[in-house]
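Single-letter residue listing:
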Amino acid sequence: MAKRVSASNVSAYYGGFKAIENINLTVEPKTVTALIGPSGCGKSTFLRSINRMHEVLPGARVEGSLTIDDQDIYDRDVDVTAVRRTIGMVFQRPNPFPTMSIFENVVAGLKLNGVRKKSILEDAAEKALRSANLWDEVKDRLGKPGAGLSGGQQQRLCIARTIAVEPQVVLMDEPCSALDPISTLAIEDLMFQLKDKFTIIIVTHNMQQAARVSDRTAFFSIEKTGDPGRLIEYDNTQKIFSNPSVKKTEDYITGRFG
Amino acid sequence: MTTTATSHRTRPPAQPASLRARRLPWYAAPAIAVAALALSAVIVYGTDIGGPVLVVVLGAILYLAGLFAAANAVEGRRSARNRTWSALIHSAFVLAVLPLVSVVWTLVSKGAERFDANFFQTSMNNIGARDANGGAYHAIVGTLEQVGIATLITVPLGVLCAIYIVEYGRGKFAFAIRFFVDVMTGIPSIVSGLFVLAFWVLVVSPWFNDGRPSFSGFAAALALSVLMLPTIVRSTEEMLRLVPAPLREGAYALGVPKWKTILRVVVPTALPGIVTGVMLAIARAAGETAPVLLVAGGGAAINTNPFENNQSSLSLFVYQQAGDASKYAPARAWTAALTLVALVLILTIAAKLLARRNRLSR
C-alpha cells in the first residue's frame, strides 16, 4: 500500500516569489520522514506540493518532477483528486467539518466520493477511528458534532478522516503544534502504528518530536529572508541528530541558529 | 498647570490598600432615578415649559448627573464613569427600541379592527365607498405569488453568482460583476419597476398577449428580482468568505472535487447566514409598492394567475386604501399593513427553523 515519493529539482512559487528551489529527495515506503528547519524555509510549501495542495492558492505553481512509485503527479493528464486521495494530508489546526457529526466527518472522504452503502461506511469509520486511537472515546456519540470534541480529539478525528480513504502516503503539517503534550504523545504513538501501512511525511518545529518519531530527517533552510528555501541535508534521523555532516544543520539542531 | 496635570496623569496609579471598595447600595440607582424624575416634573410643570416627554428627557439627564455625582462621592471616579457609560448605553438601547415598539403597537392597535375572517376571505371587488367590509385576499395572493416567484428566480441565481465570485472568480471579470452588484444595490425600486415596464410589459409581454402589452404579477416578480438579487449576492458572498480556508483544504485533501466541496462543505457551513440574507431580501421585496404599481397594475378582484392580467399586493393595497376616500378604507389599510408584517415575520421564523434543523445541536 505504501508508496515511494521522490522529488527531483522541485521548485515552488507564489506568484513571482520563489519559495523553494531544486529540492531533491526520496522518501521510502513505510517510513516516517521529518522535515525540519526555521520558519519560512519552505517545509510546508514542499509538503503541500507533494499532494498538489500548493496550487490551490492563487498564483502558486510548482516546477520540477514529483513522482509517486514512478508516476509523475504533475503530469498533464493526472487527476488532481486521485492524487489527493492517494496522498492524504493532516493540517496544523484540526479542521473537522462543522456541519457534520463525528461519523460523517470520518467517512466524509468516502461519502463525498460516492460511497453510499451504510455497512461499508460504518466498517470504514470504525476501522479508521480505531487506527486513530479515538474509537473508545467517541463510539457512544458518533452522531454528535465533530467540532464538539477537544482539540486533541479533533486532530485525531482529522487523522481518522484522512486514513479512512486509505491513502498510500500521509502528509502531516505540524499536526501537534496546537496540542498539549498528552495529545501529542497519542498522535506520535499513532504515527508509529500507521508506519506499518503508510508512508508518512511530517513537518515539525519540535526537534525532539522529529528525533522521536522519524526514521529519516530532511533539514531545510534559507540564506536570508526573501531567498528560496533549500534542502541542506537529508539523512537518517540518528545521523542528523548525532553527527550531521553540514555545519548549518548542527547549528540549527543545537540551537545556535534559527 | 498643564505640566503638573500631565505629570499627574503619567504617574502610575497608587496601589490600593485593600481590594475591597465602597459600593453604592443596590437601591441607590432606582432612588436617584425616582428623585431625578420627580425633580424634573417639578421643574417642567412648575415653570410650565413642556409636557411629559420633556419630563422624561430632563429626568434622564438629571439621573445621569446624579448617578455620576453619587458614585463619584462613594465609589470613586472610575466606577462613576463606568456607571454613567452603562446608563448611557442602556438609554441608547431604549431609544433604538422605542420606535420599533411604537410601530408594532400602532399596527396592532389600529389593525385589530378589521383583523377578521371577512378580511382574509374577500377581495375589494364590487366594494363601494359605503361598504364596510371588503378584504385583502387578492392582495395576499398577489404578494405571496410575486415574492415567491421572485425568490425562486433570485435565490439560485444569487447564490450561484456569489459562489462564482468567491470560489471561481479571478481577475477583471469577477471584479466587474462585484462592481455591478454593488451598483445594483443602490437602484431605487421605482427604477427597477420602470425597467421591467419598458422591457417586459411593453416589449416582451405583447408576444404572449395578441400584440397588446399586459400587466401581470410575473412582471412585478421580475421587478422585485432586480431588487432582491444584489442583496442576496452580497450577503451570500460575505457568508461564503467567512467559511475558513482550512475547511476547503481539508475537503480537497480527501480527494473531494472542488464543486462537491462547495456543495457539501462550504455552502452548508454558511447556510444559516445565507438564509438570513435571503430573508432580508424577501422582507424588502414584500414591502415594495412602486414596482408593483407600475407593472402589475393593481386590481380589486382576485387573480390567482400571476402570468395574466392585473394583480395587487399587500403593500399596494395599503397604498391604495390609505389614499381612498371611503371612511372604511383606513382600517383596511392598517390591517393589511399588520398582515404584511406578520407574513414576513412568519416566513423569517420558518426559514430560521429550517436552516437550524440541518445543523447539529450542541
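Cut-off values and rules
Starting afresh in each chain, residues are numbered from 1 along the sequence in its written order. Chain labels run from A onward and ligand labels from 1 onward, assigned in the order the entries are written. Under the rules for a predicted model, residues below a pLDDT of 70 receive no local features and side-chain atom pairs below 80 are neither given nor counted, while totals for whole chains, interfaces and linings still include all residues. The contact criterion used is a C-beta to C-beta distance within 7 Å, with each C-beta placed from the backbone. In DSSP terms, a helix is any run of H or I states spanning at least four residues, a strand is any run of E spanning at least two, and both are numbered starting from the N terminus. Charged means Asp, Glu, Lys or Arg here, nonpolar means Ala, Val, Leu, Ile, Met, Phe, Trp, Tyr, Cys or Pro, and polar covers whatever is left, Gly included. Domains are outlined according to an automatic or database domain assignment. In this scheme the burial state of a residue depends on its C-beta neighbours within 10 Å: 20 or more other such atoms mean buried, 12 or fewer mean exposed, and anything in between means partly exposed; the C-beta positions come from the backbone. For two strands to count as paired, DSSP must find a minimum of two bridges between them. Note on geometry: axes are lines fitted to C-alpha atoms, helical ones only across the stretch in contact, with angles between N-to-C directions running from 0 to 180 degrees. An angle below 35 degrees is read as roughly parallel, one above 145 as roughly antiparallel, one from 65 to 115 as roughly perpendicular, and any other as oblique. Handedness of a crossing follows from how the near helix is turned relative to the far one, being left-handed for an anticlockwise turn of less than a right angle and right-handed for a clockwise one.

**A word on the interface of chain A and chain B**
And step 1. Every contact between the two is made by 25 residues of chain A and, on the other side, 19 residues of chain B.
And step 2. Elements supplying a minimum of two residues to the side of chain A that touches chain B: helix H2 (80-86), strand E6 (87-90) and helix H4 (108-111) of chain A.
And step 3. A per-element tally of the side of chain A that touches chain B places H2(A) first, with four residues.
And step 4. Of the residues belonging to the side of chain A that touches chain B, the class tally is twelve nonpolar, nine polar and four charged.

**Describing the domain arrangement of chain B**
And step 1. With domains assigned, chain B is organised as domain 1 (24-112) and domain 2 (119-358).
And step 2. Between domain 1 of chain B and domain 2 of chain B, the residue contacts involve four residues of the former and five residues of the latter.

**With respect to the pairing of strand E9 (residues 216-221) of chain A**
Residue and element names in this part refer to chain A.
And step 1. Of all six residues that make up E9, six are buried, and the element is covered over most of its length.
And step 2. Across the two faces of E9 the burial is the same, with Arg 216, Ala 218 and Phe 220 and Thr 217, Phe 219 and Ser 221 all buried.
And step 3. The pairing of strand E3 (residues 32-36) with E9 spans four bridges and is classified as parallel. Note that in E9 the partner of Leu 35 across the bridge is Ala 218.
And step 4. Pairing of E9 with strand E10 (residues 230-236) involves six bridges; the strand directions are antiparallel. Across the sheet, residue Thr 217 finds its bridge partner in E10, namely Asp 235.

**Quick look at the packing of helix H10 (residues 245-252) of chain B against helix H11 (residues 258-286) of chain B**
Each packed pair of helices is defined by two parameters, the angle between the axes and the distance between the axes.
Residues and elements named next belong to chain B.
And step 1. Between H10 and H11, whose axes approach to 10 Å, the crossing angle comes to 155°. It follows that H10 is roughly antiparallel to H11 by the angle criterion. Once H10 is placed against H11, the crossing between them reads as right-handed. Contact with H10, carried on its side by Leu 247, Arg 248, Ala 251 and Tyr 252, involves Thr 261, Val 265, Val 266 and Thr 269 of H11 and no other residues of that element.
And step 2. Of the residues contributing to the contact of H10 with H11, the split by class is five nonpolar, two polar and one charged.

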